[in-house]
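Report on the structure
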Amino acid sequence: MKKYIFALMPIILGVLSFLIFMVKGSNVAPDGTLEEPFFLIPIGFLLLFIGFICVVGVALKSLLKRHNTLNNR
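Keep in mind the model is a prediction, meaning the values are calculated, not measured.

Another point: the side chain of Ser-62. Residue position: Ser-62 is located in helix α2 (residues 40-71). Given a relative accessible area of 19%, Ser-62 falls into the buried group. Side-chain polar atoms of Ser-62 contact the side chain of Lys-3, separated by 2.9 Å.

On to the packing of aromatic side chains. Inspection of every chain in the model, using the stated rule, returns one aromatic pair. Ring centres of Phe-18 and Phe-45 lie 5.0 Å apart, and the angle between their planes is 70°; on these two criteria the pair is classed as edge-to-face. Taken as a pair, Phe-18 in helix α1 (residues 2-24) and Phe-45 in helix α2 lie far apart in primary sequence, 27 residues in all.

Close contact between α1 and α2 brings their axes to 8 Å; oriented N to C, the two are set at 160°. The orientation of α1 with respect to α2, classified from their angle, is roughly antiparallel. With respect to the hand of their crossing, α1 and α2 are arranged in left-handed fashion. Taken together, the residues of the contact of α1 with α2 break down into 22 nonpolar, five polar and one charged.

This next bit is on the environment of Lys-24. Tracing the backbone through its elements, the reader meets Lys-24 in helix α1. Linking Lys-24 and Leu-60, residues 36 residues apart in sequence, is a C-alpha distance of 38 Å.

Mapped onto the secondary structure, Ser-17 falls in helix α1. Each residue touching Ser-17, except ones within four places of it in the same chain, is listed here: Leu-40, Ile-43 and Gly-44.

For Cys-54, the position within the fold is in helix α2. Assessed through its relative accessible area of 33%, Cys-54 is described here as partly exposed. The spacing of Cys-54 and Val-23 is 31 residues in sequence and 28 Å in space, taken between C-alpha atoms.

Conventions adopted
- Residues numbered from 1 in each chain as written.
- Predicted model: local features only at pLDDT ≥ 70, side-chain atom pairs only at ≥ 80, totals over all residues.
- Heavy atoms only, no water.
- Helix = DSSP H or I, 4+ residues; strand = E, 2+ residues; numbered from the N terminus.
- Buried < 20%, exposed > 50% of the residue type's maximum accessible area, 1.4 Å probe, protein only.
- Polar contact = N/O pair within 3.5 Å; in protein donor to acceptor, adjacent residues only side chain to side chain.
- Phe/Tyr/Trp six-rings, centres within 6.5 Å; stacked < 30°, edge-to-face > 60°.
- Axes fitted to C-alpha atoms, helices over the stretch in contact; angles between N-to-C directions.
- Parallel < 35°, antiparallel > 145°, perpendicular 65-115°, else oblique.
- Left-handed = near helix turned anticlockwise from the far one by under 90°.
- Nonpolar A, V, L, I, M, F, W, Y, C, P; charged D, E, K, R; others polar.
- Contact = heavy atoms within 4.5 Å.

Okay, here's the thing in C-alpha coordinates:
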(Lines give C-alpha, C1' and ligand atoms only; values in the text may rest on other atoms or scores of the structure.)
Protein backbone atom coordinates (compact mmCIF):
# COMPACT_ATOMS: atom_id res chain seq x y z
CA MET A 1 0.00 0.00 0.00
CA LYS A 2 2.96 2.34 0.64
CA LYS A 3 4.03 2.08 -2.97
CA TYR A 4 0.69 3.51 -4.10
CA ILE A 5 1.00 6.43 -1.70
CA PHE A 6 4.38 7.36 -3.17
CA ALA A 7 2.98 6.95 -6.69
CA LEU A 8 0.01 9.21 -5.87
CA MET A 9 2.14 12.04 -4.47
CA PRO A 10 2.75 13.72 -7.86
CA ILE A 11 -1.00 13.62 -8.57
CA ILE A 12 -1.74 15.24 -5.23
CA LEU A 13 0.92 17.90 -5.85
CA GLY A 14 -0.47 18.54 -9.36
CA VAL A 15 -3.98 19.08 -8.03
CA LEU A 16 -2.55 21.28 -5.29
CA SER A 17 -0.77 23.46 -7.86
CA PHE A 18 -4.06 23.98 -9.73
CA LEU A 19 -5.80 24.87 -6.47
CA ILE A 20 -3.08 27.37 -5.59
CA PHE A 21 -3.42 28.91 -9.06
CA MET A 22 -7.18 29.34 -8.58
CA VAL A 23 -6.90 30.70 -5.04
CA LYS A 24 -4.09 33.12 -5.82
CA GLY A 25 -5.88 34.52 -8.86
CA SER A 26 -4.57 37.28 -11.05
CA ASN A 27 -4.54 41.05 -10.94
CA VAL A 28 -3.46 43.97 -13.06
CA ALA A 29 -0.48 46.00 -11.85
CA PRO A 30 -0.65 49.81 -11.88
CA ASP A 31 1.49 49.87 -15.04
CA GLY A 32 -1.03 47.65 -16.85
CA THR A 33 0.80 44.31 -16.77
CA LEU A 34 -1.04 41.15 -15.81
CA GLU A 35 0.32 39.41 -12.72
CA GLU A 36 -0.64 35.77 -12.37
CA PRO A 37 1.10 32.56 -11.27
CA PHE A 38 0.91 31.06 -14.77
CA PHE A 39 3.90 28.76 -14.13
CA LEU A 40 1.68 26.61 -11.89
CA ILE A 41 -0.43 25.37 -14.83
CA PRO A 42 2.31 23.51 -16.78
CA ILE A 43 3.83 22.27 -13.51
CA GLY A 44 0.42 20.91 -12.51
CA PHE A 45 -0.05 19.10 -15.82
CA LEU A 46 3.48 17.69 -15.66
CA LEU A 47 2.95 16.38 -12.13
CA LEU A 48 -0.41 14.84 -13.08
CA PHE A 49 1.18 13.09 -16.07
CA ILE A 50 4.10 11.78 -14.00
CA GLY A 51 1.70 10.63 -11.29
CA PHE A 52 -0.52 8.71 -13.68
CA ILE A 53 2.52 7.04 -15.26
CA CYS A 54 3.78 6.06 -11.79
CA VAL A 55 0.41 4.65 -10.71
CA VAL A 56 0.08 2.61 -13.91
CA GLY A 57 3.66 1.37 -13.56
CA VAL A 58 3.19 0.32 -9.94
CA ALA A 59 -0.11 -1.38 -10.76
CA LEU A 60 1.40 -3.29 -13.69
CA LYS A 61 4.38 -4.31 -11.59
CA SER A 62 2.06 -5.61 -8.86
CA LEU A 63 -0.07 -7.51 -11.37
CA LEU A 64 2.97 -9.10 -13.01
CA LYS A 65 4.41 -10.09 -9.65
CA ARG A 66 1.08 -11.58 -8.59
CA HIS A 67 0.74 -13.40 -11.91
CA ASN A 68 4.25 -14.86 -11.60
CA THR A 69 3.64 -16.11 -8.05
CA LEU A 70 0.38 -17.77 -9.11
CA ASN A 71 2.07 -19.50 -12.06
CA ASN A 72 4.98 -20.78 -9.95
CA ARG A 73 2.70 -22.76 -7.63
